[in-house]
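Chain and residue survey
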Amino acid sequence: MAQASLPIEPEPRPGSSARARPGWLGRLGVGTSVGDGAFRVTTALVAATVVLALIAIFAELARASSLSLEAFGLDFITSQNWDPVRDEFGALPFIYGTLVSSLIALLLAVPVGIGTAIFLSELAPEWIAKPLGFLVELLAAVPSVVYGLWGIFFLAPVLREHVQPFLASTLGILPIFQGPHLGFGMLAGGIILAIMILPTISSVSREVLRAVPGIYREGALALGATHWEAIRTAVLPHARSGLVGGVILGLGRALGETMAITMVIGNRPEIDLSWFAPSYTMASVIANEFTEATGDLYLAALAEIGLLLLVVSVALNVVARLLVWRVGRLPSGARV
Amino acid sequence: MKQHIYSVLLFSIATGFAGCKGKETAATGSGESDGDDIALNGAGATFPYPLYSKWMSEYNKLHPTVKINYQSIGSGGGIRQISAGTVDFGASDVPMKESEAAKASGKLQHIPTTIGAVAVAYNVPGVSTPVKLTPAVLADVFLGKIDKWNDERLTAINPNAALPDKQIAVVFRSDGSGTTGVFTDYLAKVSPSWKSEVGVGKSVKWPAGLGAKGNEGVTGQIKMTPGSIGYVELAYAMQSKLPTAALQNKAGEFVEPSLEAVTRAAAGVNLNEHLYASITNSGGKGAYPIAAYTYILVYQDMKDPRKAAALAKFLWWAVTDGQAFTKPLHYAPLPAHSADKVKIEIRSLKAEGKLLISGA
Amino acid sequence: MEDASYMRRKLVDHAVRGACFIAALLAVVPLFSVLYYVASKGAGGLNLAFFTELPKPVGEEGGGMANALVGTLELVGLACLFAMPLGVLAGIYLAEFRESKLATVVRFSADVMSGVPSITIGIFVYTLVVLSTGHFSALAGGIALALIMLPTVTRTTEELLKLVPEELREAGLGLGVAKWRVTMRVMVRTALPGIATGVMLAIARVAGETAPLLFTAFNNRFWGGALDEPIASLPVQIYTYAVSPYEDWHRQAWAAALVLVTMVLVLNVTARVLVRHRVRAR
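Criteria and cut-off values
- Residues numbered from 1 in each chain as written.
- Chains lettered and ligands numbered in written order.
- Predicted model: local features only at pLDDT ≥ 70, side-chain atom pairs only at ≥ 80, totals over all residues.
- Heavy atoms only, no water.
- Helix = DSSP H or I, 4+ residues; strand = E, 2+ residues; numbered from the N terminus.
- Buried < 20%, exposed > 50% of the residue type's maximum accessible area, 1.4 Å probe, protein only.
- Contact = heavy atoms within 4.5 Å.
- Areas by Shrake-Rupley, 256 points an atom, 1.4 Å probe, with all protein chains shown as cover.
- 1 Å grid on protein atoms, 1.4 Å probe; cavity = no way out; pocket = protein on both sides within 12 Å on 5 of 7 lines; lining within 4 Å.
- Points joined across faces, edges and corners; volume = space filled by probe spheres on them.
- Domains from an automatic or database assignment.
- Buried area = accessible area lost by both parts, 1.4 Å probe.
- Salt bridge = Lys/Arg side-chain N within 4 Å of Asp/Glu carboxyl O.
- Polar contact = N/O pair within 3.5 Å; in protein donor to acceptor, adjacent residues only side chain to side chain.
- Pairing = 2+ DSSP bridges.
- Phe/Tyr/Trp six-rings, centres within 6.5 Å; stacked < 30°, edge-to-face > 60°.
- Lys NZ or Arg CZ within 6 Å of the ring centre and 35° of its normal.
- Nonpolar A, V, L, I, M, F, W, Y, C, P; charged D, E, K, R; others polar.
- Axes fitted to C-alpha atoms, helices over the stretch in contact; angles between N-to-C directions.
- Left-handed = near helix turned anticlockwise from the far one by under 90°.
- Expected span 1.5 Å × (residues − 1).

1. Details of the overall build of chain B
If you tally the helices and strands in chain B, you get 13 helices and 14 strands. Counting only residues that meet the buried cut, chain B has 61% of its 360 residues in that class. Taking contacts inside chain B between residues at least 6 apart in sequence as the whole, the part at least 24 apart equals 74%. Total accessible area computed for chain B in this model is approximately 13,100 Å², and 55% of it derives from carbon and sulfur atoms.

Encoded structure:
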């Protein structure tokens, strides 16, 4: 009875807090008034589910991968032998594929993304910056699978027919630009990822640049600096850690990206120096093999890849947020 | 505003449901009298998927209350999901290994449904006559040891084909695949180096090439990649109009995959007591060397009697009337001697200890 | 001498500004390319059958994606049903009790969770829901999508509640209304339009999610509908059709992409226009 009456207590007066009981209920805030207490407890419990969900994800993945953790230990990340027939699982080819494709993505997206951010926040007049910034952010709204579709039917053929022959004939001495022109492969994966992380990098960078007080700019300009010199000497140094944070957030997104890259990277668990060669990423191997892995060890190995991916992306995310916070706030609702 | 969004969502869902319910009744008409819809879920091999999806669509027309949803996720997936009990039936082109069968919660039966061919399909612009391949050359192409279309070992057996100076791009399955199982089983039989370097399995370590998901994905990848070669079930190659290689069989003839050549491969091979049979590298005259039975996997004693009865009826239909749909899709019907054994097997299926099909 | 150095500095300035302008142009090229392809290839695939019929058996022409359309609506609806009450309440807690230790932990967890790759959420829901219930199901798919939405809804709600002027709260408290009622009636109501736009953005994001559905909602050739049955969805169908060899399926994949992209972009644009509108009105 007493419990049932808790939430329906009619309109307690603020003065009723005088009857506050000590103890845990009081600490939770129940003392101020019963309605307020119930409110606080309810919202606190719901809020705690967010924490619980996160813990559960970690715990469940760790549990699912325990077999593989025991069987391979550290060899799992150093062996490049992914051989389901012999029940031998080494994740290095996937780690390599994930890292290199993300690296290509950063190589392309960082200059373009930061350049875009500088243009939008420092150079462009408002009437251009607004719509253009909006368009760049829309890149983040296009679903991954649609990028994959575009990758299969547009990007891969263009790479095969034009870009790869061109790269091979100009920079062909580099081992990364050698081998047959398939279209599908590491390069295609990297380019798709670059497009997908570009909005993250540019929108975070834009917010970070905006957070730099105008006085620095004006000071530099007043001393006779050109626009670029003002940006380089006054704005960028203050924004540096935030910009790095934005890049790391982009990297985090690239690592976990699944569908688009699965559709274009060629899905071969082999380490090949060439960017033209097919490769495989951690997320892709889970997408392809998770529903069909027979054998407990095989399944556990896939779960362990998931766990690795989770730990690395979460760590990157935390680092990035700390860096960005040093400069200013993240744009609210930014998809990062 | 929030309420507004909620109501819009709920409304759209509600109308969605209403829409599909309306659709169902429209399609159902008077239909069967056995009450509510029965939804059966199956998953597995992509090898027989064109046939299975045709069967399930036709069966739904005959029995509108029975909806059989089959998802082609690969044979490995079929075995895994039926063992985990997340689907009502599985499907695989390679029989389950003992270690796999041990993980299931009950005894699983293999029901052979049809015979198909693993065709070696390719996309080489300008080559019109079927490319001929000997077992050794085929193995070396997939081992990556022959990597140009105009390699002299290829031109030697194909003097009349205008094979270009182009890299060969091997396309293989990235998922656990019965088609891969059958193909590697064949390669291991004919090539010692394949056997020692790669081996046999549903997922193997491919020495060369591009990975794609499902027979659908491999066929799609071959179509998208000039210079590529891959192995797919014949129906996929035919439906997407890809040329297929003539393979040299045990008798030394070059045979293109076809209904007849597959039927010949199965002739004279009997299903064993588990209803398995391997018909790769068959010795028969005119036999296509990479052919296989494909199986539906069901628990011998099922839990839900209604679902079990519906499933048993469907299986019975599939191996009897349903066989008429095999030929137009380039699968071979079950030979009479196999079909008889399969029917006995289907009659032995039970739910909660009771037989599902009486008499028949 | 002085002039030469000035000229050089001026030149560098122009070069860098030009480069930044080019970067901004480059950034929107992929968007237009994708949108152009989706629109031009997708428009040809749209017809009545696409919206009203079920898929045809493999390799046969015709049929549609009606089940996948409804499936996506159902999955997103389920995700909202789970994520919205949880996310909004959690967001209220964060905004109202922002100094508490729990709030710090929750805020941090929500931020971390928004960085969790969606494919790992798929594994989590598979082992937790699919294996324990014994079905791939719409429910499992909805839960996976809800987990992706949850942190966004939580943090958006918090941020928007913080924007509500404190004077409103004080006015309410001054009238002797209980604090929780002030929060719900005054603060939350004022912030609602903003929260709604945040939710719209979250919906737009999960509507296109594919990876976590592959092993939760799975796919269905027929109408799903029941919560414990596998269900089709537009993104999974696009993936399946895109990698297939059939031209008719490619056509339908583009058409589905057009529908999906339109949905997502409309949600995005509306949400942003609403936000802008509100900011201007203030």
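There is more to say, and it comes next.
2. Some remarks on empty space enclosed by the protein
The full count for this structure, using the stated rule, is nine cavities of 30 Å³ or more. By volume, the largest cavity amounts to about 450 Å³. Surrounding the largest cavity, 25 residues form its lining, Gln-71, Ser-72 and Ile-73 of chain B together with Asn-219 and Thr-240 of chain C being those nearest its centre. Counting only elements with at least two residues in the lining of the largest cavity, the list comes to strand 2 (66–72) and helix 9 (214–224) of chain B together with helix 10 (234–242) of chain C. Per element, the largest residue contribution to the lining of the largest cavity is five residues, and it comes from helix 10 of chain C.

3. A short note on the domain arrangement of chain B
The figure often quoted for interface size is the accessible area lost as the parts come together. Residue and element names in this part refer to chain B. Each assigned domain of chain B is listed with its residue range as follows: domain 1 (11–115 + 294–358) and domain 2 (117–291). The C-alpha centroid of domain 2 is placed 29 Å from the C-alpha centroid of domain 1. The interface is formed by 32 residues belonging to domain 1 together with 32 residues belonging to domain 2. Buried surface at the junction of domain 1 and domain 2, both sides included, amounts to about 2,400 Å², of which 62% is carbon and sulfur. For the interface between domain 1 and domain 2, the tally reads one salt bridge. For the pair domain 1 and domain 2, the number of links is eleven residue pairs in polar contact (both at pLDDT 80 or more). The set of elements that each furnish at least two residues to the side of domain 1 that touches domain 2 consists of helix 2 (49–62), helix 3 (75–84), strand 4 (108–123) and helix 13 (336–347).

4. Remarks on the sheet that holds strand 13 (residues 350–351) of chain B
Here three strands make up an open sheet; going across it, the order is 12-13-14 (chain B) and the pairing mixed. The open sheet has two edge strands with one neighbour each: strand 12 (301–302) and strand 14 (354–355) of chain B.

5. Considering the packing of aromatic side chains
Per the counting criterion, the structure on display carries 41 aromatic pairs over all chains. With centroids separated by 6.4 Å and ring planes inclined at 80°, the aromatic side chains of Trp-55 of chain B and Phe-314 of chain B adopt a geometry described as edge-to-face. Of this pair, Trp-55 of chain B sits in helix 2 while Phe-314 of chain B sits in helix 12 (residues 305–319), and the two are 259 residues apart along the sequence. Residue class for Trp-55 of chain B comes out buried when judged on its relative accessible area of 0%. Residue Phe-314 of chain B is classed as buried on the basis of its relative accessible area, which comes to 0%. Taken together, the ring pairs connect Tyr-49, Tyr-52, Trp-55, Tyr-59, Tyr-70, Phe-89, Phe-314, Trp-317 and Phe-325 of chain B into an aromatic cluster. Note that Lys-132 of chain B overlies the ring of Phe-254 of chain B, its terminal NZ or CZ placed 5.6 Å from the centroid. The ring of Phe-222 of chain C is capped by Arg-221 of chain C, whose NZ or CZ atom sits 4.8 Å from the centre of that ring.

6. What about the layout of surface pockets?
Within this model, the second largest pocket holds a volume of roughly 630 Å³. Around the second largest pocket, the lining comprises 35 residues; the ones closest to its centre are Val-94, Pro-95, Lys-97, Gly-201 and Lys-202 of chain B. Counting only elements with at least two residues in the lining of the second largest pocket, the list comes to helix 14 (296–327) of chain A together with helix 4 (98–101), helix 7 (178–190) and strand 11 (291–299) of chain B. A per-element tally of the lining of the second largest pocket places strand 11 of chain B first, with four residues. Taken together, the residues of the lining of the second largest pocket sort by class into 15 nonpolar, ten polar and ten charged.

7. Focus: the packing of helix 10 (residues 214–222) of chain A against helix 11 (residues 227–256) of chain A
Each pair of packed helices gets described by two things: the angle between the helix axes and the distance between those axes. Residues and elements named next belong to chain A. In the contact formed by helix 10 and helix 11, the axes pass within 9 Å of each other and the chain directions differ by 145°. Note that helix 10 runs across helix 11; the crossing there is right-handed. Of helix 11, the residues touching helix 10 (which contributes Tyr-216, Arg-217, Ala-220 and Leu-221) are His-227, Ala-230, Ala-234, Val-235 and His-238. The residue inventory of the contact of helix 10 with helix 11, partitioned by class, reads six nonpolar, two polar and one charged.

8. Describing the interface of chain C and chain B
Each partner contributes to the interface: chain C provides 40 residues, whereas chain B provides 44 residues. Carbon and sulfur atoms make up 69% of the surface buried where chain C meets chain B, a total of about 3,600 Å² over both sides. Considering only the surface of chain C that becomes buried against chain B, Phe-222, Trp-223 and Pro-245 of chain C emerge as the three largest contributors, covering 17% of it. Linking chain C with chain B are two salt bridges, by the criterion used here. Of all the secondary structure elements, the ones that give two or more residues to the side of chain C that touches chain B are helix 3 (66–96), helix 5 (118–133), helix 8 (179–207) and helix 11 (247–281) of chain C. Ranked by residue count, the leading element in the side of chain C that touches chain B is helix 3 of chain C, at eight residues. Looking at side-chain class alone, the side of chain C that touches chain B contains 26 nonpolar, nine polar and five charged residues.

9. Some remarks on the sheet that holds strand 5 (residues 132–133) of chain B
All names here are of chain B. Reading across from one edge, 5-9-10 is the order of the three strands in this open sheet, with mixed pairing throughout. Of all strands in the sheet, those with a lone pairing partner are strand 5 and strand 10 (254–255), marking the two edges. Where strand 9 (residues 246–248) lies against strand 10, two bridges are found, and the strand directions are antiparallel. If you follow Leu-247 over to strand 10, its bridge partner there is Val-255.

10. Concerning helix 11 of chain A
Over its 30 residues, helix 11 of chain A extends only 38 Å from the first C-alpha to the last, a length that falls short of the 44 Å expected when each residue adds 1.5 Å. The buried fraction of helix 11 of chain A amounts to 21 of the 30 residues, a majority that puts the element mostly inside the structure.

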